[in-house]
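Survey of secondary and tertiary structure
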Amino acid sequence: MKNSNLLQRLAQNWPVKILAVAAAVLLFFFNQLSRLEVRYFSVPLQLVLPTGLVPGAPYLSKVRVTLRGESDAIFRVLEEDVEAYADFSSHTSEGVYKEPIQIRKKGTALNIDPLEITVEPLDVTVTLERRVSKSLEVVPSLKGFPPPGYQLAKYSLKPSTVEVVGPRSHVDKIESIHTEDIDLTGRVEDFTVQVRLNLGDPLLRLPGGNVVEFRGVIQESVVLQTFDQANVVVVNLPPGLSVQGELPTGSIRVQGKQVELEAIKPDQVRLVADASGITRPGTYTLPARPDLPSGILVLRYEPSRITINVVRTEGGIQ
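What comes next is a walk through the structure. (Residues numbered from 1 in each chain as written. Predicted model: local features only at pLDDT ≥ 70, side-chain atom pairs only at ≥ 80, totals over all residues. Heavy atoms only, no water.)

Focus on the pattern of salt bridges
The condition is simple: Think of a salt bridge as a Lys or Arg side-chain nitrogen and an Asp or Glu carboxyl oxygen that are within 4 Å of each other. Secondary structure elements are defined from DSSP: runs of H or I of at least 4 residues count as helices, runs of E of at least 2 residues count as strands, and each element is numbered from the N terminus. Think of it in three bands: with a 1.4 Å probe and only protein chains considered, a residue is buried below 20% of the maximum accessible area for its type, exposed above 50%, and partly exposed in between.
Summed over the entire model, instances satisfying the criterion amount to eight salt bridges. Lys-106 is paired through a salt bridge with Glu-83; the nearest N and O atoms lie 2.8 Å apart. With Lys-106 in the loop between strand E6 (102-105) and strand E7 (115-120) and Glu-83 in strand E4 (residues 82-87), the pair connects residues that are 23 residues apart, well separated along the chain. Lys-257 is the partner of Glu-220 in a salt bridge, and the nearest nitrogen-oxygen pair spans 3.5 Å. Linking Glu-220 in strand E13 (residues 211-220) with Lys-257 in strand E16 (residues 249-257), this pair joins segments that are 37 residues apart in sequence. For Glu-220, a relative accessible area of 28% corresponds to the partly exposed category. Judged by relative accessible area, Lys-257 falls into the partly exposed class, the value being 34%. The structure contains a network of salt bridges with shared partners spanning Glu-83, Arg-104 and Lys-106.

Below you can see the structure in the form of structure tokens.
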């Protein structure tokens with residue numbers, strides 16, 4: 001009898017009672033929500049790709065993650081423990097595809113309740129192309145010059161070629177790969193440096209690494225120069241004899257180090273004729289030889305012979 005009365009009392013005004021319970025639940029829910037806080041950060045977007053295909057155009061690389069939960073809990077979560085990824089592994093041919101961005105929790109993000117995680121944007125579109133590789137020549141990017149009188153005589157790169165991997169359309173367009181700038185300014189000795197490769201395309205990769213060794217050989221510059229007004233002189237003429245008239249000028253073509261040639265004075269370049277064999281006045285033809293500082297290579301000169309008229313000097317020996 002008592003149970004029957006209890007059921008009758010519970011059944012009385014049941015719509016009002018249901019509304020009251022619902023209101024209580026909502027109040028509890030909103031009370032809980034008021035205690036929750038929000039945290040925002042960005043994480044890299046990882047792509048799950050099918051074998052043999054890679055992104056063929058730039059795509060969204062980071063996404064915004066929102067954590068909602070109790071303050072103490074959400075601020076203990078490390079950013080690297082919330083991963084964002086999109087799975088394209090079901091696509092097996094080149095094309096443009098869209099997939100939802102999903103969240104994977106690990107480490108400090110596990111076993112937190114309540115914890116709500118949302119991501120922006122909700123999906124990502126990626127162009128997939130066939131993955132190809134190619135061997136490329138490494139080209140040094142040289143900047144500046146050695147000091148005057150020095151030059152980069154030769155260089156070597158190790159390795160001289162590298163393998164590049166990436167989407168078909170990007171790999172097809174590239175024929176060589178340049179290094180970052182190598183400065184030659186002020187260098188007067190051989191040198192070796194490690195230098196990075198300047199790939200310049202975020203979709204391309206260098207499986208063997210992006211650093212090469214550059215070795216430069218610096219030498220003093222060797223130049224050619226012509227002295228067109230070289231003096232011709234007669235030496236070892238016996239006392240009492242002299243050359244009548246003016247002697248011609250000569251031309252001497254030489255090769256040497258730039259620094260040494262620039263240091264030569266005009267009176268140090270001449271053609272010399274040896275007159276030690278002359279004993280009396282007359283007309284003589286003598287061989288001429290170039291006379292220059294040591295270390296200079298004479299390529300050609302003229303005249304190779306000179307004709308002189310030798311006379312007695314006033315008061316000379318009879």
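Comments concerning the sheet that holds E4
The cut-off we apply is this: Here the rule is simple: two strands pair whenever DSSP picks up at least two bridges between them. Axes, fitted as lines to C-alpha atoms, cover a helix only where it is in contact. Angles between the N-to-C directions of the axes lie from 0 to 180 degrees.
Here we have five strands laid out as an open sheet, ordered E6-E4-E1-E3-E7, and mixed in their pairing. Two strands close off the open sheet at either side, each with one partner strand: E6 and E7. The average undirected angle you get between the axes of adjacent strands in this sheet is 35°. Sheet topology note: the E4/E6 ladder contains four bridges and is antiparallel. Bridging from a neighbouring strand, Val-82 pairs with Lys-105 of E6.

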